[in-house]
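Remarks on the overall topology
In case you want the letters, here they are:
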Amino acid sequence: MRVAPEGRPFIAAATVVLLMLAVLAVTRGGPWRVAALVWLPVAVWVPAFFRDPVRAGPHDPRLILAPADGRVVSVAEVTEPDYLKGPARRVSVFMSIFNVHINYHPMDGVVEYRAYRPGTFVNATLDKASSDNEQMSLGLCAGARRVLVRQIAGLVIAYEPVWAIGTGEVARPEDAQEVCQAIRDRVSAVHGHDVALDVRILYGGSVKADNIAAIMAQPAIDGALVGGASLDTGGFVRICRYRELATSA
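I will try to describe carefully the structure that is included in this document. (Residues numbered from 1 in each chain as written. Predicted model: local features only at pLDDT ≥ 70, side-chain atom pairs only at ≥ 80, totals over all residues. Heavy atoms only, no water.)

The next point concerns the side chain of Q218. Inspection of the secondary structure assignment puts Q218 in the loop between α6 (212–216) and β8 (223–225). Taking relative accessible area as the criterion, Q218 reaches 18% and is therefore assigned buried. Engagement of the side chain of Q218 in a polar contact is seen with the backbone oxygen of A214, the distance being 3.1 Å. The contacts of Q218, once residues within four sequence positions are left out, are P173, E174 and Q177. (Helix = DSSP H or I, 4+ residues; strand = E, 2+ residues; numbered from the N terminus. Buried < 20%, exposed > 50% of the residue type's maximum accessible area, 1.4 Å probe, protein only. Polar contact = N/O pair within 3.5 Å; in protein donor to acceptor, adjacent residues only side chain to side chain. Contact = heavy atoms within 4.5 Å.)

This is the structure in structure tokens:
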């Protein structure tokens, strides 16, 4: 599997940690075995995150291809003031942590515009992210056609108590709420109230089908980071459908 050069240090670090935990798991056992099992999916995910697969798309100069893997979350008519300087159709593609994080030129052409702009790190699916978040823009021109590609950063914060990883123990919903609210308050103090409201904060640590509803009922918790429970297909489906199942019950 080909990987992006920028990811090699992270892959090496994840592999070294896994080897160290594996040695400790064999020589000392006990909680080190749990730690090694918990880290194993992370060590597998890191190279997958930086993978750079060979593309075999259509070779047609009339086409404009998607510059990124992911899910199209919106198509909107907008006014673009920086490069196109007029009406444009914006196609927004959201990349999750499981998508290929390599961006491509959507068409052949001449690079006429490049701009980096620092900014915030609110949820990248929000409309305001296109103007407020850190971003890198690239303008391409091919004859009468011009395309602007804009890569926008986003941020998700996950709180996972160390003692809850792989142990089956879970924080009380009110305790998870208290910590997640403290995290949001800290983000507010550093980046402002509006940014803090838009940042998604997840709780992780022995999240299961029988406790997800109580966790998600807390106002400061926006989602859940599911680990070992995701290996049980039926249980994971119940986690994902907890609202629907609670309503039907």
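Now that the structure has been shown, we can carry on.
Once that is clear, we can look at the sheet that holds strand β7 (residues 200–204). Think of a sheet as strands paired side by side through backbone hydrogen bonds, with each pair either parallel or antiparallel. Strand order in the open sheet made by the three strands is β6-β7-β8, with parallel pairing throughout. Edge positions in the sheet fall to β6 (156–159) and β8, since each has one partner strand and no second. Strand-to-strand twist of the sheet, defined as the mean angle between neighbouring strand axes without regard to direction, takes the value 35°. The sheet contact formed by β6 and β7 spans four bridges and is parallel. Its bridge partner being in β7, A158 is matched across the sheet by L202. Of the strands in this sheet, β6 and β7 are in contact with helix α4 (residues 173–191), which crosses β6 at around 145°. (Pairing = 2+ DSSP bridges. Axes fitted to C-alpha atoms, helices over the stretch in contact; angles between N-to-C directions.)

Attention now goes to the sheet that holds strand β4 (residues 135–142). Spatial strand order, β3-β4-β5: three strands in an open sheet with antiparallel pairing. Where the open sheet ends on each side, the last strands, each with one partner, are β3 (110–117) and β5 (145–152). Neighbour-to-neighbour, the strand axes of this sheet turn through a mean angle of 15°, independent of strand direction. In terms of strand pairing, β4 meets β5 through eight bridges, oriented antiparallel. From the neighbouring strand, A142 faces β5, where its bridge partner is R145.

The topology assignment puts Q181 in helix α4. Judged by its relative accessible area of 28%, Q181 is partly exposed. Residues Q181 and Q218 lie 37 residues apart in sequence; the distance between their C-alpha atoms is 9.6 Å.

Let us now look at a nonpolar patch on the surface. On the surface, a nonpolar cluster with roughly 320 Å² of combined accessible area is contributed by W45, I97 and F98. As for its position among the elements, I97 is in the loop between β2 (86–94) and β3. Given the relative accessible area of 48%, I97 is considered partly exposed. (Patch = residues over 30% accessible without salt bridge, like charges linked within 9 Å, V, L, I, M, F, W, Y side chains within 5 Å. Areas by Shrake-Rupley, 256 points an atom, 1.4 Å probe, with all protein chains shown as cover. Salt bridge = Lys/Arg side-chain N within 4 Å of Asp/Glu carboxyl O.)

An ideal rise of 1.5 Å per residue puts 27 Å on 19 residues; α4 measures up with 26 Å between its terminal C-alpha atoms. Along α4, the residues classified as buried are A176, Q177, C180, R184 and V187. Considered in projection along α4, the buried side chains sweep an arc of 100° and stay on one side of the axis. Summarising the geometry of α4, the exposed residues directed more than 90 degrees from the buried face are E178, R186 and A189. Contacts made by the buried residues of α4 are with β6, α5 (193–198) and β7. After α4 finishes, the residue G192 shows a positive phi value of roughly 105°. (Expected span 1.5 Å × (residues − 1). Arc of directions from axis to C-beta.)

What follows concerns the environment of F236. Turning to its location among the elements, F236 is positioned in helix α7 (residues 233–240). For F236, a relative accessible area of 31% corresponds to the partly exposed category. Considering only alpha carbons, one finds F236 and V226, ten residues apart in sequence, at a separation of 8.4 Å. Once you skip the residues sitting within four places of it in the chain, F236 turns out to touch V226, A229 and S230.

What follows deals with the pattern of salt bridges. Pairing between side chains of opposite charge can happen when their charged atoms approach one another. All chains considered together, the criterion is met by eight salt bridges. With a closest N to O distance of 3.7 Å, R150 and E80 form a salt bridge. In this pair, R150 is assigned in strand β5 and E80 in strand β1 (residues 71–80), connecting sequence segments 70 residues apart. Among the salt bridges present, the one from D222 reaches R184, with a minimum N-O distance of 2.8 Å. Separated by 38 residues along the polypeptide, D222 in the loop between α6 and β8 and R184 in helix α4 bring together distant segments of the chain.

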